[in-house]
Amino acid sequence: MMTPEQRYLFDVFGYLHLENALSPDELAACQNATKRYMDTPEDQLPPGFEVDGQRYVHGFAFDKCLEALTRHPSFWPIVRELTNDRPRLLSGTLQVNRPGESSVGGLHCAREGFGWESTRYETHHGKIYCDDIIVFPYLDDVNPGDGGLLVLPGSHKAAFPRPESLFNEGVMRTVEDIPPGVVNVTPKAGDIVVTSELMTHGILEWLPKDRMRRILVLRYKPQHAGLAMPYPDEIKERLEPETVELMETNHYTHVKDIVKD
Ligand SMILES: O=C(O)CCC(=O)C(=O)O
Ligand SMILES: [Fe+2]
């Protein structure tokens, strides 16, 4: 399960920044695969794939190296603990910020977007439980000043609604706009950020003129929680049996083979 260090930091801050999570070979393979997805004209993509602005839908299924990230050993024990060993992958989108395209996103979280009762963060028996998890493998470097992800550390446990007046009304475009308390996370290619949708977060403008920011957005919930996201048969047919099982909805009591050690 999680290491004591990971558990402490995730509980206090609401996110983990795992440095050098991918090996150089894994990173290079994933970068090449995302390039192939992005370079393929949309009408020549394999069935089931589509591009929606900066979202390359089902990016995780485009290549086996990307699919392998869905249970990557760097964070798989964390997803297992957070879901009480009942993991389900909901989706895996490749998201790309290109130079010159606006990427600003105001502060948001599940509590604010879906309602206070929508999402749980709890601790039981010395472990963390959380029913809406996002994992972001980074395929490009983010340097301080570039832009990208904002987090409000500790907000995953907020007991009160966020007053609208705080934090620049929730909208920050560049690092100069960031008020005290908000943090711009700047991972390197091959790093992975794990957080909860309960943690208040936002997105700065992507400023580099000659570099993009490619991240995979992997979403997990407990296997019995929330709506099952439909995904096309053409995508399912490409996947390993273990990945299909990871995406299955099951009863609380069911134990998936992928969590049997
Ligand atoms: O772009 C990011 O780093 C975060 C994306 C996100 O949280 C969102 O799209 O809601
Ligand atoms: Fe978000």
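The text that follows walks through the structure, step by step, so that each part is easy to find. (Residues numbered from 1 in each chain as written. Chains lettered and ligands numbered in written order. Predicted model: local features only at pLDDT ≥ 70, side-chain atom pairs only at ≥ 80, totals over all residues. Heavy atoms only, no water.)

**Comments concerning the pattern of salt bridges**
Across all of its chains, the model carries 18 salt bridges by this definition. Note that Asp11 and Lys157 form a salt bridge whose closest N and O atoms lie 3.1 Å from each other. Here Asp11, found in helix H1 (residues 4-13), pairs with Lys157, found in the loop between strand E9 (148-151) and helix H6 (166-169); they are 146 residues apart in sequence, far enough to count as distant. We classify Asp11 as partly exposed; its relative accessible area is 22%. In this structure, Asp146 and Arg211 form a salt bridge, with 3.0 Å as the shortest nitrogen-oxygen distance. Highlighted residues: Asp146 in the loop between strand E8 (133-137) and E9 and Arg211 in the loop between strand E12 (201-204) and strand E13 (213-222), separated in sequence by 65 residues. Shared partners join several salt bridges into a network, and the residues in it are Lys64, Glu67 and Glu240. (Salt bridge = Lys/Arg side-chain N within 4 Å of Asp/Glu carboxyl O. Helix = DSSP H or I, 4+ residues; strand = E, 2+ residues; numbered from the N terminus. Buried < 20%, exposed > 50% of the residue type's maximum accessible area, 1.4 Å probe, protein only.)

**Quick notes on a nonpolar patch on the surface**
On the surface, a cluster of nonpolar side chains totalling about 370 Å² of accessible area is made up of Tyr8, Leu9, Val12 and Phe13. With respect to the helices, strands and loops of the structure, Tyr8 is situated in helix H1. Using a relative accessible area of 58% as the deciding quantity, one classes Tyr8 as exposed. (Patch = residues over 30% accessible without salt bridge, like charges linked within 9 Å, V, L, I, M, F, W, Y side chains within 5 Å. Areas by Shrake-Rupley, 256 points an atom, 1.4 Å probe, with all protein chains shown as cover.)

**Some words on the site of ligand 1**
Surveying the vicinity of ligand 1 reveals the residues Gln95, His108, Phe136, Leu149, His201, Ile203, Arg213 and Ile215. One of the side-chain N or O atoms of Gln95 is found 2.9 Å from an oxygen atom in ligand 1. A distance of 2.6 Å separates an oxygen atom of ligand 1 from a polar atom in the side chain of Arg213. Within the complex, the protein chains bury 84% of what would otherwise be the 290 Å² of accessible surface of ligand 1. (Near = heavy atom within 4 Å. Polar contact = N/O pair within 3.5 Å; in protein donor to acceptor, adjacent residues only side chain to side chain.)

**Regarding the side chain of Ser103**
Checked against the element boundaries, Ser103 lands in the loop between strand E4 (87-97) and strand E5 (105-108). When its relative accessible area of 6% is taken as the criterion, Ser103 is described as buried.

**Comments concerning the coordination of the iron ion (ligand 2)**
Donor atoms from the polypeptide that coordinate the iron ion (ligand 2) comprise His108 (NE2) and His201 (NE2), at 2.1 Å from the metal. Viewed at the metal, the four donor atoms of the iron ion (ligand 2) are separated by angles of 75 to 155°, and the geometry they form is irregular. Here His201 lies in strand E12 and His108 lies in strand E5, a separation of 93 residues in the sequence. When its relative accessible area of 31% is taken as the criterion, His108 is described as partly exposed. A relative accessible area of 6% places His201 in the buried class. (Donors = N, O, S within 2.8 Å, 3.2 Å for Na, K, Ca; no water. Tetrahedral: all angles 85-135°; square planar, octahedral: opposite > 155°, others 65-115°.)

**Brief notes about the packing of aromatic side chains**
According to the stated counting rule, one finds seven aromatic pairs in the structure shown. Taken together, a centroid distance of 6.5 Å and an interplanar angle of 45° make the contact between Phe13 and Tyr15 tilted. For Phe13, a relative accessible area of 37% puts it in the partly exposed group. For the ring pair Phe75 and Tyr220, a centre distance of 6.1 Å and an interplane angle of 65° mean the geometry is edge-to-face. With a gap of 145 residues between them, Phe75 in the loop between helix H3 (64-67) and helix H4 (76-82) and Tyr220 in strand E13 connect regions that are remote in the sequence. For the pair shown, Phe75 and Tyr220 are each scored as buried. Linked through ring pairs, Tyr37, Phe49, Tyr56 and Phe62 together constitute an aromatic cluster. (Phe/Tyr/Trp six-rings, centres within 6.5 Å; stacked < 30°, edge-to-face > 60°.)

**Thoughts on the sheet that holds strand E3 (residues 55-56)**
The strands making up a sheet are joined through hydrogen bonds of the backbone, oriented either antiparallel or parallel. Spatial strand order, E1-E11-E8-E13-E4-E3-E2: seven strands in an open sheet with antiparallel pairing. Strand pairing shows two members of the sheet lacking a second neighbour, strand E1 (15-18) and strand E2 (51-52), which therefore form its edges. Of the strand pairs in this sheet, E8 and E13 are connected by three bridges, and their pairing is antiparallel. Bridging across to E13, Ile133 finds its partner in Tyr220. (Pairing = 2+ DSSP bridges.)

That's the geometry; what it means functionally is another story.
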